[in-house]
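Observations on chain architecture
Here's the letter readout for the chains.
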Amino acid sequence: MKTIRLVAWAGVAVAGLALLALLALAPGRFGVSQPPFAATVGGPFRLVSQDGAVVTDKTLAGKPFAIFFGFTNCPDVCPTSMLELSETMKELGSDADRMRFLFVSVDHEHDTGRHLKEYLSNFDTRITGLTGTAAEIAAAARAYRVYYEKVKTKEGYTYNHTATIYMMDSKGRLAGTIAYQEDAKSRLAKLRRLADM
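So, here is what we can say about the structure in this document. Since the structure is predicted, the reported quantities are computational estimates derived from the model, not experimental observations.

Conventions and cut-offs
For every chain, the first residue of its written sequence is number 1, and the numbers climb from 1 along that sequence. Predicted model: local features are reported for residues with pLDDT of at least 70 only, side-chain atom pairs are reported and counted for 80 or more only, and whole-chain, interface and lining totals are derived from all residues. Side-chain numbers here rest on the full set of heavy atoms in the structure, without hydrogens or water. Residue burial is assigned from relative accessible area. The probe radius is 1.4 Å, only protein chains are included, and a residue is buried under 20% of its type maximum, exposed over 50%, and partly exposed in between. Working definition: helices are DSSP H or I runs of at least four residues, strands are E runs of at least two. Numbering for both runs from the N terminus. Strands were regarded as paired on the criterion that DSSP finds at least two bridges between them. A crossover gets the label right-handed when its path from the first strand over the helix to the second runs clockwise, viewed with the strands pointing away from the viewer. Axis lines are fitted through C-alpha atoms, for helices just across the contact stretch, and the angle between N-to-C directions can take any value from 0 to 180 degrees. Any two residues having at least one pair of non-hydrogen atoms within 4.5 Å are treated as being in contact. An angle counts as roughly parallel when it lies under 35 degrees, as roughly antiparallel when it exceeds 145, as roughly perpendicular when it falls between 65 and 115, and as oblique in every other case. Crossings are sorted by hand: turned counterclockwise from the far helix by less than a right angle, the near helix makes the crossing left-handed, and turned clockwise it makes it right-handed. The span you would expect from a helix comes to 1.5 Å times its residue count less one. Residues are said to line a cavity or pocket when one of their atoms sits within 4 Å of a point; the points come from a 1 Å grid over protein atoms alone, cavities being sets where a 1.4 Å probe fits but cannot get out and pockets being open sets with protein on both sides within 12 Å along at least five of seven lines. Grid points are joined across faces, edges and corners, and a volume is the space filled by probe spheres set on the points. Residue type decides the class: Asp, Glu, Lys and Arg count as charged, Ala, Val, Leu, Ile, Met, Phe, Trp, Tyr, Cys and Pro as nonpolar, and the leftover types, Gly among them, as polar. By definition here, a salt bridge exists when the distance from a side-chain nitrogen of Lys or Arg to a carboxyl oxygen of Asp or Glu is within 4 Å.

Turning our attention to the pairing of strand β4 (residues 100-105). Among the 6 residues of β4, 5 are classified as buried, and the element is accordingly described as predominantly covered. Taken together, the 6 bridges between strand β3 (residues 65-70) and β4 define a ladder with parallel strand orientation. Bridge pairing in β4 places Ile 67 opposite Leu 102. Between β3 and its parallel partner β4, the chain crosses via helix α3 (residues 77-92), and the hand of that crossover is right-handed. Taken together, the 4 bridges between β4 and strand β5 (residues 127-131) define a ladder with parallel strand orientation. Across the sheet, Leu 102 pairs through a bridge with Thr 128, a residue of β5.

This is the structure:
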């Protein structure tokens, strides 16, 4: 089982690195033009926040945002990503208030609004948790080209999932990505640029 999980995580890492390579090789939003695949990331979705508010692609329009897909029982990738994001948000100062930060749970069975609120209380309070039905979460994941898979374990289950933060501009277009455990200076520079988009 451990070997299977390692192989699965290696696949996720390779996919993330491939996406980053494409971003690096193509002139990006931070250069001359968008990467050619940028139009395929993002799109219509409907989810519910930890406070019960409906959140859609339309309610996000007009403000750039960073979006991450994970689950509250994630043992390492999710808490590490949210902690690093929180640290970067603090460094951003008032620039962070010009953006939105979203944590989408892929675990509709466990991650209710209450669970999301409790989990996210450990991080920056400006991170909004989103959940929905299995179909709504699947639709959002498809829109953002996010991979996730439920895996049975001796203790119950876990999820293998994409470990990338997607940065979207104020028009809902892909502006770039932040990789798992990316350098702190790089994260800060990318999010500062996103604030102006």
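Additional details are given in the paragraphs that follow.
Moving on: the sheet that holds β3. The strand order across the open sheet built from 7 strands is β2-β1-β5-β4-β3-β8-β9, with neighbouring strands paired in mixed fashion. On the outer flanks of this sheet lie β2 (54-56) and β9 (174-178), each paired with one strand and no other. Across the sheet, the mean angle separating the axes of adjacent strands is 35° when strand polarity is ignored. Pairing geometry for strand β1 (residues 46-49) and β2, over 3 bridges, is antiparallel. Of the residues in β2, the one forming a bridge with Arg 46 is Thr 56. Packing of helix α6 (residues 184-195) onto the sheet brings it into contact with β3, β4, β8 (165-168) and β9, and relative to β9 it is tilted by some 160°.

Helix-helix packing is described using two parameters, namely the angle between the two axes and the distance between the axes. Axis separation between α3 and α6 bottoms out at 10 Å; the angle between their running directions is 60°. Taken as axis vectors, α3 and α6 run oblique relative to one another. Here the hand of the crossing between α3 and α6 comes out right-handed. For the pair formed by α3 and α6, the contact residues are Glu 84, Leu 85, Glu 87, Thr 88, Glu 91 and Leu 92 on the first element and Arg 187, Leu 188, Leu 191 and Arg 192 on the second.

What follows deals with the environment of Tyr 159. Within the secondary structure, Tyr 159 is located in strand β7 (residues 157-161). Classification of Tyr 159 as buried rests on a relative accessible area of 5%. For the pair Tyr 159 and Phe 71, spaced 88 residues apart in sequence, the C-alpha to C-alpha distance is 7.7 Å.

In this model α3 runs 22 Å from its N-terminal to its C-terminal C-alpha over 16 residues, within 8% of the 22 Å that 1.5 Å per residue would give. Of all the positions in α3, only Val 77, Cys 78, Ser 81, Met 82, Glu 84, Leu 85, Ser 86, Thr 88, Met 89 and Leu 92 are classed as buried. At the exit of α3 stands Gly 93, carrying a positive phi of roughly 65°.

Turning next to empty space enclosed by the protein. Evaluated as defined, the whole model comprises 1 cavity of 30 Å³ or more. A volume near 50 Å³ is recorded for the largest cavity. Per-element tally for the lining of the largest cavity: the top contributor is α3, with 3 residues. Of the residues that constitute the lining of the largest cavity, the class distribution is 6 nonpolar, 2 polar and 2 charged.

What follows covers the pattern of salt bridges. Applying the stated criterion to the full structure yields 11 salt bridges. Of the charged contacts in the structure, one is a salt bridge between Asp 196 and Arg 98, with a shortest N-O distance of 2.6 Å. Taken together, the positions of Asp 196 in the segment after α6 and Arg 98 in the loop between α3 and β4 put the pair 98 residues apart, joining distant regions of the chain. The exposed category is assigned to Asp 196, whose relative accessible area is 57%. Relative accessible area serves as the criterion here: at 36%, Arg 98 is assigned to the partly exposed category. Among the salt bridges present, the one from Arg 173 reaches Asp 169, with a minimum N-O distance of 2.9 Å. Judged by its relative accessible area of 1%, Asp 169 is buried. One network of salt bridges, with partners in common, ties together Asp 95, Arg 98, Arg 192 and Asp 196.

Keep in mind these numbers describe shape, not what the thing actually does.
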